[in-house]
Amino acid sequence: MKQKINSKKSILKSIGPGFLLAGAAIGVSHLVQATRAGADYGFILIWVLIIACVSKYPFLEFGSRFAAGTGNHLITGYKKLGKFPYWIYILITIGSMFIIQAAVTIVTAGLAERLFNFGWPPFLWSAIILIACITLLLIGKYPGLDKSMKIIVTVLTLATLAAVILAFSPETINNAISTQPPSLWTTASLGFIIAFMGWMPIPLDASVWHSIWTREKASQNKNKISVKGAFADFNLGYLSAAFIGLLFFLLGVLVMFGSGTSFSSNSVEFSSQLVDLYGKTLGEWSKPLISAAAFITMLSTVITVTDAYPRVISELKDPEKDKPEDKKGKWQVYRVSIFIIPILSLSILYFLSGSFTILVDFAAGLSFLSAPFLAWFNYKLVSGEQMPEKHRPGKNYKIFSLVCFALLVAFNFVYLYYNFLT
């Protein structure tokens, strides 16, 4: 009995990195893409959301499994696998981090102005939000990030669930069922479906972030996290992200599908339209609830992204070194990176606002095309010699993983065909 209690306590102590993964996942993919999927296509695209979440599940889970089973994060594993996996990951990170940081921040800035209505421009809001995130992370460090994300994800889930419950009515359901959805076989529809699957619930390079957070959690607990505890933590975070994605999808279906409104492709403008339409459908009283849920959605992403990239940069040079003097040097790199990355991201917003959409498309395409590579690297790590045999996935899980890998490869071929051969 005592052993069972200790096992439960050990699992509870492992909880944390999964919330960070959820916070990073629940962003533009949920607020904009999931809502647009429901708003433009109704219930017909729910299978896309499910396949996207299922096909990425094993490869994101492998990140925390590897960290718990070996005591190392995935960057260490990539470097031991060889130069190709290591440099591919570096290329993906450098090619996307400034643009992703800028993208999630500017959307959050637009929602902040929508919520607080101070009359401040998006660039000023972006700077204020990043300064607040940097302050939280430097003062609170990992424990501050851990605690704040548990609160944010919990509040976000409750707020979004409340909005969905309020949106359910015989009228909205009948409207969603009776409205004819557009064809899925047009160029525009296929392009949207591919993008939706690529970013839902999160790109695969987040598996590296999760492995770093898992190891950091073990360091904070001053005890190694068990694979069982890491698995429970991952499931809590990943399933939360998938569930909230479903909630935003349902909001799009119930409130926006068949409304006749022409929705903007701009994330900030779309978010504003989302809040306005809720006000018209559910009543003016609903606007603060939806505004708050949308803002918290994006704020969680900004906080986790602001932390994740500096952690990655601090580990790139010598990922396998973990002595006290090495940790001190990595902390110095983290503190420098946590300023440099936001400053360069703000510069992109200031100087390249006219071509910002092109930059975002480039970063999204890079993340999408890299998914099969990272999936294969992660599979090789958890099923190879670096992983203790007792912690390697079983036969059935390996088969499931390979089926998911085949799906990711197929999505890539469709993506390449859509972008370069049509």
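Criteria and cut-off values
- Residues numbered from 1 in each chain as written.
- Predicted model: local features only at pLDDT ≥ 70, side-chain atom pairs only at ≥ 80, totals over all residues.
- Heavy atoms only, no water.
- Core = buried A, V, L, I, M, F, W, Y, C linked by side-chain atoms within 4.5 Å.
- Buried < 20%, exposed > 50% of the residue type's maximum accessible area, 1.4 Å probe, protein only.
- Helix = DSSP H or I, 4+ residues; strand = E, 2+ residues; numbered from the N terminus.
- Contact = heavy atoms within 4.5 Å.
- Axes fitted to C-alpha atoms, helices over the stretch in contact; angles between N-to-C directions.
- Parallel < 35°, antiparallel > 145°, perpendicular 65-115°, else oblique.
- Left-handed = near helix turned anticlockwise from the far one by under 90°.
- Nonpolar A, V, L, I, M, F, W, Y, C, P; charged D, E, K, R; others polar.
- Salt bridge = Lys/Arg side-chain N within 4 Å of Asp/Glu carboxyl O.
- Expected span 1.5 Å × (residues − 1).
- pLDDT = per-residue confidence, 0-100.
- Polar contact = N/O pair within 3.5 Å; in protein donor to acceptor, adjacent residues only side chain to side chain.

Caption draft 1: Looking closely at the nonpolar core. Of all hydrophobic cores here, the largest spans 119 residues; its most connected members are Leu-45, Tyr-89 and Trp-209. Broken down by element, the residue count for this core peaks at 16 residues, all from helix α6 (residues 83-116). Non-local contacts of Tyr-89, meaning those with residues more than four positions away in its chain, are made with Ile-75, Tyr-78, Asp-205, Val-208, Trp-209, Val-312, Leu-316 and Leu-374.

Caption draft 2: Inspection of the environment of Gly-77 at higher detail. Here Gly-77 shows up in helix α5 (residues 74-81). For the pair formed by Gly-77 and Phe-66, sequence separation is eleven residues and the distance between their alpha carbons is 8.5 Å.

Caption draft 3: Broad picture of the packing of α6 against helix α13 (residues 286-316). Interhelical geometry of α6 versus α13 gives an angle of 155° and a closest axis separation of 9 Å. When the interaxial angle is binned, α6 and α13 end up roughly antiparallel. Considering only the axes of α6 and α13, their crossing is left-handed. Per-class residue counts for the contact of α6 with α13 are 24 nonpolar, eight polar and two charged.

Caption draft 4: Summary view of the pattern of salt bridges. Inspection of the entire model under this criterion finds six salt bridges. Two residues, Lys-330 and Glu-315, come together in a salt bridge whose shortest N-O distance is 2.8 Å. One end of the pair, Lys-330, is in helix α14 (residues 324-351); the other, Glu-315, is in helix α13, with 15 residues separating them in the sequence. In the salt-bridge network here, residues are joined through shared partners; they are Arg-215, Glu-315 and Lys-330.

Caption draft 5: A look at helix α16 (residues 395-420). Along its 26 residues, α16 runs 38 Å from first to last C-alpha, staying within 8% of the 38 Å computed at 1.5 Å per residue. Taken residue by residue, α16 has Tyr-397, Ser-401, Cys-404, Leu-408, Phe-411, Asn-412 and Tyr-415 as its buried positions.

Caption draft 6: Structural context of the environment of Ala-293. Relative to the elements of secondary structure, Ala-293 occurs in helix α13. For the pair Ala-293 and Ala-159, spaced 134 residues apart in sequence, the C-alpha separation works out to 5.9 Å.

Caption draft 7: Quick look at the confidence of the model for the protein chain. Here the protein chain averages 83 in pLDDT, and 87% of its residues register 70 or above. In this model, residues 1-10 is a region of pLDDT below 50 whose contacts with residues beyond four sequence positions or in other chains number two contacts.

Caption draft 8: The side chain of Ser-314, seen in detail. Of note, Ser-314 is situated in helix α13. Residue class for Ser-314 comes out buried when judged on its relative accessible area of 11%. Polar side-chain contacts of Ser-314 include one of 2.7 Å to the backbone oxygen of Arg-311. Among residues more than four places away in sequence, those in contact with Ser-314 are Lys-330, Val-333 and Tyr-334.

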